[in-house]
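Structural description and commentary
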Number of protein chains: 2
Amino acid sequence: MPDRPRAAHLSDRRHALYGQAMPTIVDRIAHADTELRAFVDEPGRAERVAAEVDEIARRWPDPERRPPLHGVPLGVKDIFRVDGLPTRAGSELPAEEFAGPEAAAVTRLRDAGAVVAGKTVTTEFAYFAPGPTRNPHHPEHTPGGSSSGSAAAVAAGLVPLALGTQTVGSVIRPAAYCGCIGFKPTYGRVPCDGVIPNAPTFDTVGLFAAHLPLVTAATAALVHGRVDVPADRPVLGVPAGPYLDQAETRARDGFATQVAALRAAGYEVRDVAALDDIAQVNRQHMVVNLVELARTHEPWFDRYAERYRPQTAAGIREGRSTDAATYTTALDGVHTFRRTMPQLMADAGIDVWICPSATGPARRGLDTTGSPAMSVPWTQAGLPALSLPAGTVAREPGGPALPVGLQCVGRPGADERLLAWAPGIAEALNDPTSGAFVG
Amino acid sequence: MPDRPRAAHLSDRRHALYGQAMPTIVDRIAHADTELRAFVDEPGRAERVAAEVDEIARRWPDPERRPPLHGVPLGVKDIFRVDGLPTRAGSELPAEEFAGPEAAAVTRLRDAGAVVAGKTVTTEFAYFAPGPTRNPHHPEHTPGGSSSGSAAAVAAGLVPLALGTQTVGSVIRPAAYCGCIGFKPTYGRVPCDGVIPNAPTFDTVGLFAAHLPLVTAATAALVHGRVDVPADRPVLGVPAGPYLDQAETRARDGFATQVAALRAAGYEVRDVAALDDIAQVNRQHMVVNLVELARTHEPWFDRYAERYRPQTAAGIREGRSTDAATYTTALDGVHTFRRTMPQLMADAGIDVWICPSATGPARRGLDTTGSPAMSVPWTQAGLPALSLPAGTVAREPGGPALPVGLQCVGRPGADERLLAWAPGIAEALNDPTSGAFVG
């Protein structure tokens, strides 16, 4: 196995696991985050958090009847509305444009006892223009995006839990780059109200967490259900072919090592010829994303065009100039793909796809958040996807070791099974940060 | 409370509950269904079912380790592919056009032990042109549609469980008309592969069942999860205003009685001003439905136009002649509506919408399947919806008493909570067929 990832310039993540007193979290954000920049600046954070902690104590006075996330510090990507905090969505537009009631996902986690530690940095409107966040494993490398701050905050141990969203690869990729667990549930399972949309056909609320039991507890709160199902060992499938070829050699080498570890642990791993049409899948994803991004920004773009960053403005203009027939054809392709993917899994007799979470480890430089290519088909099909830390690799000889993730993709709606299988897979990967041993 | 519904010309539904030997089910279909026409004719049904029962016995030999739906007879709407049976989708097109692998929903229920009793009648392509099925409470009245046969078969006691789909109101309405339980999960929770599409933006796999524990068990199998969550008593909301005004006076009177019964049982029921834009919601639903229906039929319509029934052909032509910009504007409205509905529920402090399942009891005549209007906003928002039998009303003085349903609509993804709350609501309705007492 590759070396284990290490939060080199930030201390042991366990310190931040729940149970820790909230003022310490605030202190840590105040100090450690000056370099990391995972959180959006918040004057008065200490007082607000203290008041939230008091509210928790008032709301659940009986120690015997505490909710499942009691006192868990929560980072919230700044495209979710949170009562008492402004929403900026990583943009220069006035916060008033985004005012409104709190997002249901936030309320559900608060109702389960979580305490909002703060807003985390997002790329502008959850698209590709990066924020100031750094990778906790090496400050000159990108944390990935668009949920940059949530991934970095969890990986660095500032908070054990954070909310993100994924429209292309915005949960799975930063989780892998930063070396924490990321989970994107099945499309539609968690409501998106109170979240500034990117492309509604794909937008999905997801999570970052320091360990797997917390993913399970938070998901149960988000879906108002139970997630602890019994499940036999899954049959794993590798989507061999042009999709996998999109990953860099070093990512494929690391992935081969992970596959070998899973086979050594007794998992059946099947090579499945799949996604021969990945070029079309990628193209139709981009068309639908850009057209819907343009529509999302219809109320704002003409008034504030000069405040948009060039990447976002270019995306919106591209979406605007796409004719409706191109969009409807692409959307038709998305619907067909979403319908056929479960059949492909059934035909191949596999329960979970495994593949690299990203095309490689995080790139040097903060001007890009890296490629979401390894997430496109799974987001498009609406499937639940989990990124487990899977060791580190160096981008070049002598360069810093940076985390990589193993992406595990379940059947639609079978989020519970995927989470039930995750500890076994994580254990087989034998990475102490992959979830089986942390916390 | 109104009179309890009664399957007048068919005997006690309890006879068909699971545990009953399968040949008896086959006999019942062979005899009772000559009038009801819930099932698609199947030469050799007895032999095929006997073989399936043998297979069940072989697959689960240990009585201690039987799966949750062991031996439950299942009706399958004839737009789902089932291995070993042709798919006709209620149409005159060649069955070979619809051949392919079995639908995941069917496989999941079979893997949980269900035995396919047969294909049930659907309107043509799950649109509005009716099949031959009659209402089990009165043979001259429609069973509703499009899942006509599944609803009638369960309500008449021929099978305790059946699969359907809903694109507008195709589960909730026939369940109400026929007097059984119908459940449409959150959009996207159950995969649609192997199901002939109608409009993928809305298509959702759903269930009909003879009693609530069976809904819970079957849903758990369909979503590969656990559905038995603890849940406090919900706050109920009535969507007062133009949406509710679409129901006929007699349906609103019956609904008022149900609301009174719920209040008498101690439920908090809030009147919430909602859906002022119902006309727009209805319009955009129709636009998206017809355009996607036309696209779905692109491979077939030009070759087989003369085999389509007039209603379906008119819908497809209307969809084809709708320009792409109209579609994309409507779809944009759908996405916005889907995002704002959970917020409306949160703002109003309600957990469950309650409303009539249909605009009234089933109409006389088999030339129409009735109006799906009461389902449009919930299907469009992707919310989980459950129809509980709620007594009977007569359409005219001296006319036959026909069932009505209470529609209960949960928050997105909160299917588990909705099902946990259902027995309490059913008990308050005090209808012996509403699920609390049957089975």
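Residues numbered from 1 in each chain as written. Chains lettered and ligands numbered in written order. Predicted model: local features only at pLDDT ≥ 70, side-chain atom pairs only at ≥ 80, totals over all residues. Heavy atoms only, no water.

Another aspect to go through is the pattern of salt bridges. Enumeration over the complete set of coordinates arrives at 45 salt bridges over all chains. Asp332 of chain A is the partner of Arg295 of chain B in a salt bridge, and the nearest nitrogen-oxygen pair spans 4.0 Å. Within this pair, whereas Arg295 of chain B is found in helix H8 (residues 278-296), its partner Asp332 of chain A is found in helix H12 (residues 324-348), the two belonging to separate chains. Taking the shortest distance from any N to any O, the salt bridge between Arg364 of chain B and Glu140 of chain B comes out at 2.3 Å. Note that Arg364 of chain B is positioned in the loop between strand E8 (352-356) and helix H12 (376-381) and Glu140 of chain B in the loop between strand E2 (115-120) and helix H4 (148-155), a separation of 224 residues in sequence. With a relative accessible area of 39%, Glu140 of chain B lands in the partly exposed category. Salt bridges linked by common partners bring Glu42, Arg45, Arg48, Glu52, Glu102 and Arg110 of chain A together as one network. (Salt bridge = Lys/Arg side-chain N within 4 Å of Asp/Glu carboxyl O. Helix = DSSP H or I, 4+ residues; strand = E, 2+ residues; numbered from the N terminus. Buried < 20%, exposed > 50% of the residue type's maximum accessible area, 1.4 Å probe, protein only.)

In this section: the side chain of Thr201 of chain B. Mapping Thr201 of chain B onto the fold places it in the loop between strand E4 (181-184) and strand E5 (204-209). At a separation of 2.6 Å, a polar atom in the side chain of Thr201 of chain B contacts the side chain of Glu292 of chain B. Residues within four places of Thr201 of chain B in sequence aside, it is in contact with His335 of chain A together with Tyr187, Val288, Glu292, Tyr327, Leu331, Val334 and Arg338 of chain B. (Polar contact = N/O pair within 3.5 Å; in protein donor to acceptor, adjacent residues only side chain to side chain. Contact = heavy atoms within 4.5 Å.)

All names here are of chain B. Interaxial distance between H8 and helix H10 (residues 310-321) falls to 7 Å at its minimum, and their mutual angle equals 100 degrees. It follows from the interaxial angle that H8 and H10 lie roughly perpendicular. Across the interface between the two elements, Leu290, Val291, Leu293 and Ala294 from H8 touch Gly315, Ile316, Glu318, Gly319 and Arg320 from H10. Partitioning the contact of H8 with H10 into residue classes produces five nonpolar, two polar and two charged. (Axes fitted to C-alpha atoms, helices over the stretch in contact; angles between N-to-C directions. Parallel < 35°, antiparallel > 145°, perpendicular 65-115°, else oblique. Nonpolar A, V, L, I, M, F, W, Y, C, P; charged D, E, K, R; others polar.)

The subject of this paragraph is the state of the cysteines. In this structure the tally under the stated criterion is zero disulfides over all chains. Cys355 of chain A takes part in no disulfide bond, and the closest cysteine sulfur to it belongs to Cys408 of chain A, at a distance of 8.0 Å. The exposure class assigned to Cys355 of chain A is buried, which follows from its relative accessible area of 0%. Not part of a disulfide, Cys192 of chain B finds its nearest cysteine sulfur in Cys192 of chain A, a span of 19 Å. (Disulfide = S-S within 2.5 Å.)

Attention shifts here to the relation of the copies chain B and chain A. Superposing the two chain copies requires a rotation about an axis and a translation along that axis. Between chain B and chain A, which share one sequence, the superposing operator has a rotation angle of 180 degrees and an axial displacement of 0.0 Å; the RMSD is 0.0 Å. In symmetry terms, the pair is related by a two-fold rotation axis. Every residue of chain B has its C-alpha some distance from the rotation axis, and the shortest such distance is that of Ala324 of chain B, at 2.6 Å. Both copies contact each other with a shared surface, as 100% of the interface residues of chain B are interface residues in chain A too. (Least-squares fit on C-alpha atoms with pLDDT ≥ 70 in both.)

Turning to the interface of chain B and chain A, a few remarks are in order. The parts lose accessible area when they come together, and the size of an interface is often stated as this lost area. Facing the 40 residues of chain B at the interface are 40 residues of chain A. Between chain B and chain A, the buried area comes to about 3400 Å², and carbon and sulfur atoms account for 56% of it. On the chain B side of the interface with chain A, the three residues burying the most area are His224, Arg226 and Arg339 of chain B, jointly 19% of the side's total. Our count for the chain B to chain A interface comes out at two residue pairs in polar contact (both at pLDDT 80 or more). (Buried area = accessible area lost by both parts, 1.4 Å probe.)

The next subject is the nonpolar core. Counting 98 residues, the largest nonpolar core has Leu69, Phe80, Leu163, Leu262, Ile354 and Leu386 of chain B as the members making the most contacts within it. Per element, the largest residue contribution to this core is nine residues, and it comes from helix H6 (residues 212-223) of chain B. Split by domain, this core shows at least three residues from each of two domains, domain 1 (13-241 + 244-253 + 347-429) and domain 2 (274-338) of chain B. Leu69, Leu93, Leu214 and Ala274 of chain A belong to the second-largest nonpolar core, a separate cluster that totals 97 residues. (Core = buried A, V, L, I, M, F, W, Y, C linked by side-chain atoms within 4.5 Å. Domains from an automatic or database assignment.)

Without other data, these values stay purely geometric and don't point to any function.
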